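# Descriptive structure summary
Each chain, letter by letter, is given below.
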Amino acid sequence: MIKLEHVNKSFHNGKPAVRDVSFEVNTGETLVLLGTSGSGKTTTLRMINRLIAPDSGQILVNGESVNTQQTEALRRNIGYVLQDNGLFPHYTVAENIGIVPTLLKWDKKRIEERTRSLMEKLRLSVADHYDEYPQQLSGGQQQRVGLARALAADPAVLLMDEPFGALDPVTRASVRKEFRSLDEIHNKTVIMVTHDVPEAFELGNRICLMDKGAIQQTGTPAELLFNPVNDFVSNFFQEQRFWLELNALRLTDIRSWLSDTVPGENHAPVLKGEDSCWDALEQLTTLSAPVNILFNDKLVRIDTSELMHAFTQYKQTVSGHGRSTRLS
Amino acid sequence: MEDQPGFPEFVQQQAGKLLEQTLQHIGLTFISLLIAVVIGVPLGILITRRKKLAGIVLGIAGVLQTIPSIALLGFMIPLLGIGAKPAIMALFLYALLPIIRNTYTGILQVDPVVIDAATGMGMSKRQLLYRVQLPLAMPVLLAGIRTATVINVGVATLAAYIAAGGLGEFIFGGIALNNTNMILAGAIPAALLAIIFDWAVARLQKLRAQKVKTALYFLPFLLVILSSFYLLPAAYGSSLVAGFTPEFMGRKDGNLGLKQVYGLHMRTVVISDMIMYKAAYEKTLDVISGSTTDGRVRAFDLQALTDDKHIFPPYYAAPIVRQETLDKYPELAPALNKLSGIINDSVMTELNYRVDHLKQDPAAVASDFLKAKGLLQVAKHGTKGTVVIGAKIFGDGYILANMYKLLVNGYTELEATTKTGLGGTKICFDALTNGQIDLYPEYSGTGLLVILQADKSVVDTLISDNQKVYDYVSREFMQRYHIKWLPPIGFNNTYALMMRRQQAADLHITSISDLKEYLLHH
Ligand SMILES: Nc1ncnc2c1ncn2[C@@H]1O[C@H](COP(=O)(O)OP(=O)(O)O)[C@@H](O)[C@H]1O
Ligand SMILES: [Mg+2]
């Protein structure tokens, strides 16, 4: 659990880098700090592991103010992934991954087991890369090592600063996918910084949109899309709005506008209620036929026009009372 | 010049000494390097954290670096005396800058992202330093050590000037004796040492980080072992310590003669003539290879030991004059001879003392002396002719030339002029035979060995007897060059072993044989 209360920070030039930032992230939740560059995301993140000291405000990690915790101990319990990976060039892959456990004085065997298992989970070949040096790896592999290093001591909190930012789009998508499917992160409090909107939508349970050091809106992707609190927020997503909306809406969200058509001979469910409208559209276009969706226990059959109809209906409904629904 | 054996034979003959000097050289280089690393690396680390100090520390170390090495050694002597201490101190100061600077830049050039990551992982400042900053700064730091090592190997040759040993003993001895083999015997190992150490540290630099770690554990041991080489040769020795110039060390009529003729074996260090006398005075040395009429013998109250077995050739001074000039002006010889037998060793020493040490004008010293002896007469400003008096650039010549000028002007109708500061024996003698000068004071030994270059067999029969040498050179000079040796002035400017007067008296030592006796029983 991480909680920030009215945190402020200015650097020596006096211009505030972070202004009155408050938010709370619960265990098992991923909060994405989203914003253009210079909006104060990194500064906010680095105040949590005390790489930067705030001018005012409270920062709590696991219910306790970071100021009252011993700095090194605090940091060892917070995984930290840097944009430029920051791997130690003089350490092997294994030594890099094992650094925090080493600092925590785990015994050698335990460190080795943990390192191997993390490498396997992140699809890094133990046989090939265990004793290699970071410079011998590709960018994607380096970033995986960075991720493994942050996760090695199984910290309760994970901070990631543009972890996939330096990768090419294809590599980025695959590393991101692996990250998403890691069981490791499900019981952690994760804060990730990015300026990439699709990435924020894909990985964030909630998104905290920042501009000029201040939070504009915090909420689920759907809330930000359908209930923006100001023009900045709605303009921010304008470019990719259709795609984002399809992505942000789960099939359950539009359930009420879908008919109860029962599938005929083919009863195999293709999608679940938790999947996004985008997933459904993808399946429909790929198969060029209606698909089955499993809502709770009920199996429903839809086609493309029915999906788009329900989607439009949902939007009309939320925008009718949308703007007024302020999120605190 | 005697025949020189081939280089391999020389090395073979001198193998023991060569090994000793090489070990001393390695020892000097690495003791100072070790101290420089122990002090320089922490200092370099400190200034990465206190940026304000960086400018000052690097500035001071930089200034030290610009002091010429021989001057730096000179500064050390009043503070630390002679021997290993000032040499190590000076080498240490030279090694300091590259080590501090490279530690500093090595640490600062570590990627800030890596530092950030390490801090973020929860490393303490200490862990950050030992696990990240130092290992990543290591190639640059080692480059600094490499530079320092090579500098030290070079500068350590100068240690021979201040009795700290090393390969400089051969190098400077060889230069003084014009002995190429000896120079090479010092210079080649010194160059090899520089190349080998440079290569070794370069190899270390290229090792993968992992192996560097292991190598670094051995490095301190290696440094200590290499440093300890220096202490080995000092382990043997006698109760008294001798300091000889590089030239004296290699001469037959020097240290070699002392060993062969007297059987004198004592703990000996090599030292520059410039600081030798003072070192004896300061009790760092007990016996030195002095020059009998040097002013410093008087200044530091030293006593020359009698050369009772006559290994040092006589260097009695006498004016040598063109016979042509003597024939032309018969009154010249009597005037010059007024000085004959007047000046003995201690008087000449006293006169040199006034000029060299008290910085009095040689002309004034000459005139004062003649006045005291009742020999000074008012110049006659005669017009009968001119006589040109020459003198070598160093030593007694200046004063003597001035005395002769006063005598000629006072006792004859001739007008004397001086042409002092003629480079060396050869220049002076050529000027005399060419008629550019008419006379100059010369030493019998120099006439025999340098000008006549007499055969070894001839020299051996003459060398122990002053009168025989004088007679021989008189005869030969007249025959070959038509140059006349007038009667000797009286003093003998030769090598002598010298001790502090007080110590010599306490130990009842007056001759070299006494010294040998004393050493046998102590
Ligand atoms: N160490 C620093 N010193 C001075 N200004 C800084 C420093 N770090 C960040 N800033 C400034 O603070 C603002 C926010 O920076 P940052 O948190 O890095 O933004 P983001 O991560 O969103 O790109 C920017 O204007 C940046 O120039
Ligand atoms: Mg940033």
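Thresholds applied
- Residues numbered from 1 in each chain as written.
- Chains lettered and ligands numbered in written order.
- Predicted model: local features only at pLDDT ≥ 70, side-chain atom pairs only at ≥ 80, totals over all residues.
- Heavy atoms only, no water.
- UniProt positions renumbered as here; feature names shortened; annotations may be inferred.
- Helix = DSSP H or I, 4+ residues; strand = E, 2+ residues; numbered from the N terminus.
- Rg over C-alpha atoms; globule rule 2.2 N^0.38 Å.
- Buried < 20%, exposed > 50% of the residue type's maximum accessible area, 1.4 Å probe, protein only.
- Contact = heavy atoms within 4.5 Å.
- Areas by Shrake-Rupley, 256 points an atom, 1.4 Å probe, with all protein chains shown as cover.
- pLDDT = per-residue confidence, 0-100.
- Expected span 1.5 Å × (residues − 1).
- Near = heavy atom within 4 Å.
- Polar contact = N/O pair within 3.5 Å; in protein donor to acceptor, adjacent residues only side chain to side chain.
- Nonpolar A, V, L, I, M, F, W, Y, C, P; charged D, E, K, R; others polar.
- Pairing = 2+ DSSP bridges.
- Axes fitted to C-alpha atoms, helices over the stretch in contact; angles between N-to-C directions.
- Parallel < 35°, antiparallel > 145°, perpendicular 65-115°, else oblique.
- Left-handed = near helix turned anticlockwise from the far one by under 90°.
- Buried area = accessible area lost by both parts, 1.4 Å probe.
- Salt bridge = Lys/Arg side-chain N within 4 Å of Asp/Glu carboxyl O.
- Domains from an automatic or database assignment.
- 1 Å grid on protein atoms, 1.4 Å probe; cavity = no way out; pocket = protein on both sides within 12 Å on 5 of 7 lines; lining within 4 Å.
- Points joined across faces, edges and corners; volume = space filled by probe spheres on them.

The name that an unreviewed UniProt entry assigns to chain B is Osmoprotectant transport system permease protein, with the source organism given as Chitinophaga ginsengisoli. Its UniProt record, at the heading Subcellular location (unreviewed entry), says of chain B: "Cell membrane".

As recorded in an unreviewed UniProt entry, chain A goes by the name Osmoprotectant transport system ATP-binding protein, listed as coming from Chitinophaga ginsengisoli. According to the UniProt record, the Sequence similarities (unreviewed entry) comment for chain A is "Belongs to the ABC transporter superfamily."

The next thing to look at is the overall build of chain A. Counting secondary structure elements, chain A contains 14 helices and 13 strands. Here the C-alpha radius of gyration of chain A, 22 Å, is about what a compact globule of 328 residues would show, namely 20 Å. Out of the 328 residues belonging to chain A, those deemed buried represent 53%. Across chain A, contacts joining residues at least 24 apart in sequence account for 66% of those joining residues at least 6 apart. In the form shown here, chain A has an accessible surface area of approximately 14800 Å², with 49% of it arising from carbon and sulfur atoms.

Let us now look at the confidence of the model for chain B. All names here are of chain B. Taken as a whole, chain B shows an average pLDDT of 88; of its residues, 95% reach a score of 70 or greater. Here residues 232-236 is a poorly scored stretch, pLDDT under 50, and it has four contacts once near neighbours within four places are set aside; other chains count. Here the complex is predicted with pTM 0.76, and the ipTM for its interfaces comes to 0.89.

This part takes up helix α17 (residues 345-357) of chain B. Residue and element names in this part refer to chain B. With 13 residues, α17 extends 17 Å from end C-alpha to end C-alpha; this agrees with the ideal 18 Å at 1.5 Å per step. Residues M348, T349, L351, N352, Y353 and V355 constitute the buried set of α17. Where the residues of α17 are buried, they touch α14 (295-299), α18 (362-372) and α19 (397-411). K359 occupies a position one or two residues after α17 and carries a positive phi of about 60°.

It is worth spelling out the UniProt feature "domain: ABC transmembrane type-1" (unreviewed entry) in chain B at this point. Feature annotation in UniProt assigns "domain: ABC transmembrane type-1" (unreviewed entry) to the following positions: residues 22-201 of chain B. Helix and strand shares over residues 22-201 of chain B are 85% and 0% respectively, and the end C-alpha atoms of the span are 19 Å apart.

Turning our attention to the site of ligand 1. All names here are of chain A. Taken together, F11, K15, A17, T36, S37, G38, S39, G40, K41, T42 and T43 make up the full set of residues adjacent to ligand 1. In this structure, an oxygen atom belonging to ligand 1 sits 2.6 Å away from a main-chain N or O atom of G38. Within the contact set of ligand 1, an oxygen atom lies 2.9 Å away from a backbone nitrogen or oxygen of K41. Notes on ligand 1: free accessible area 560 Å², of which the protein chains cover 61%. Broken down by element, the residue count for the shell around ligand 1 peaks at three residues, all from helix α1 (residues 41-48). The residue makeup of the shell around ligand 1, split by class, is two nonpolar, seven polar and two charged.

A separate point is unusual backbone geometry. Residue and element names in this part refer to chain B. Although it is not a glycine, A163 sits at a positive phi angle of roughly 65°. Here A163 is to be found in the loop between α7 (125-155) and α8 (168-177). Classification of A163 as buried rests on a relative accessible area of 10%. Within the chain, K359 stands out as a residue other than glycine whose phi angle is a positive 60°. If you trace the backbone, K359 turns up in the loop between α17 and α18. For K359, a relative accessible area of 66% gives the class exposed.

All names here are of chain B. Taking strand neighbours across the sheet as the criterion, the five strands line up as β2-β1-β3-β10-β4 in an open arrangement whose pairing is mixed. Two strands lie at the open edges of the sheet, namely β2 (267-270) and β4 (302-304), each paired on one side alone. This sheet shows a mean twist of 35° between the axes of neighbouring strands, independent of strand direction. Across three bridges, β4 lies against strand β10 (residues 495-500) in antiparallel orientation. The partner of L302 across the bridge, within β10, is R500. Together, β1 (241-244), β3 (287-291), β4 and β10 form the strand contacts of helix α13 (residues 273-281), whose direction differs from that of β3 by roughly 135°.

The topology assignment puts B:T29 in helix α2 (residues 15-49). Setting aside its immediate chain neighbours within four residues, B:T29 contacts B:T149, B:N152, B:V153 and B:A156.

What follows covers the packing of helix α6 (residues 112-120) of chain B against α7(B). Residue and element names in this part refer to chain B. Remark: α6 packs on α7, axes separated minimally by 11 Å, with the N-to-C direction vectors making an angle of 165°. Relative to α7, the element α6 is oriented roughly antiparallel. Between α6 and α7 lies a crossing whose hand is right-handed. For the pair formed by α6 and α7, the contact residues are V114, I115, A118 and T119 on the first element and L128, V132, Q133 and L136 on the second. Taken together, the residues of the contact of α6 with α7 sort by class into six nonpolar, two polar and no charged.

In this section: the interface of chain A and chain B. Often, the extent of an interface is quoted as the loss of accessible area on bringing the components together. Contacts between chain A and chain B engage 24 residues on the former and 20 residues on the latter. Summed over both sides, the interface between chain A and chain B buries roughly 2000 Å², with carbon and sulfur atoms accounting for 62% of that surface. When residues of chain A are sorted by the area they lose upon contact with chain B, A:H90, A:L103 and A:Y133 head the list and together hold 28% of the total. Our count for the chain A to chain B interface comes out at one salt bridge. With a shortest N-O distance of 2.3 Å, A:R46 and B:D116 are connected by a salt bridge. On the surface where chain A and chain B come into contact, there are four residue pairs in polar contact (both at pLDDT 80 or more). Of all the elements in the fold, those that place two or more residues in the side of chain A that touches chain B are α2 (71-76), β6 (78-81) and α4 (99-103) of chain A. No other element matches α4(A), which puts four residues into the side of chain A that touches chain B. Counted by class, the side of chain A that touches chain B contains twelve nonpolar, five polar and seven charged residues.

Residue and element names in this part refer to chain A. The strand order β2-β1-β4-β5 describes an open sheet built from four strands, whose pairing is antiparallel. Every interior strand has two partners, whereas the edge strands, β2 (16-25) and β5 (64-65), have only one. Across five bridges, the pairing between strand β1 (residues 2-10) and strand β4 (residues 56-61) is antiparallel. What sits directly across from L4, in β4, is I59.

Below, the discussion takes up the domain arrangement of chain B. Assigned domains of chain B: these are domain 1 (7-232), domain 2 (241-312 + 497-521) and domain 3 (317-493). The C-alpha-based centres of domain 1 of chain B and domain 3 of chain B are spaced at 52 Å.

On to empty space enclosed by the protein, then. Residue and element names in this part refer to chain B. Scanning the entire structure with this criterion turns up three cavities of 30 Å³ or more. One number sums up the size of the largest cavity: a volume of about 60 Å³. Contributing to the lining of the largest cavity are K17, Q21, E169, F170, G173, M182, P246, M249, G250 and V270. Looking at the lining of the largest cavity, the elements that each hand over two or more residues are α2, α8 and α11 (246-250). Considered class by class, the residues forming the lining of the largest cavity number five nonpolar, three polar and two charged. The residue makeup of the lining of the largest cavity includes at least three contributed by each of domain 1 (7-232) and domain 2 (241-312 + 497-521).

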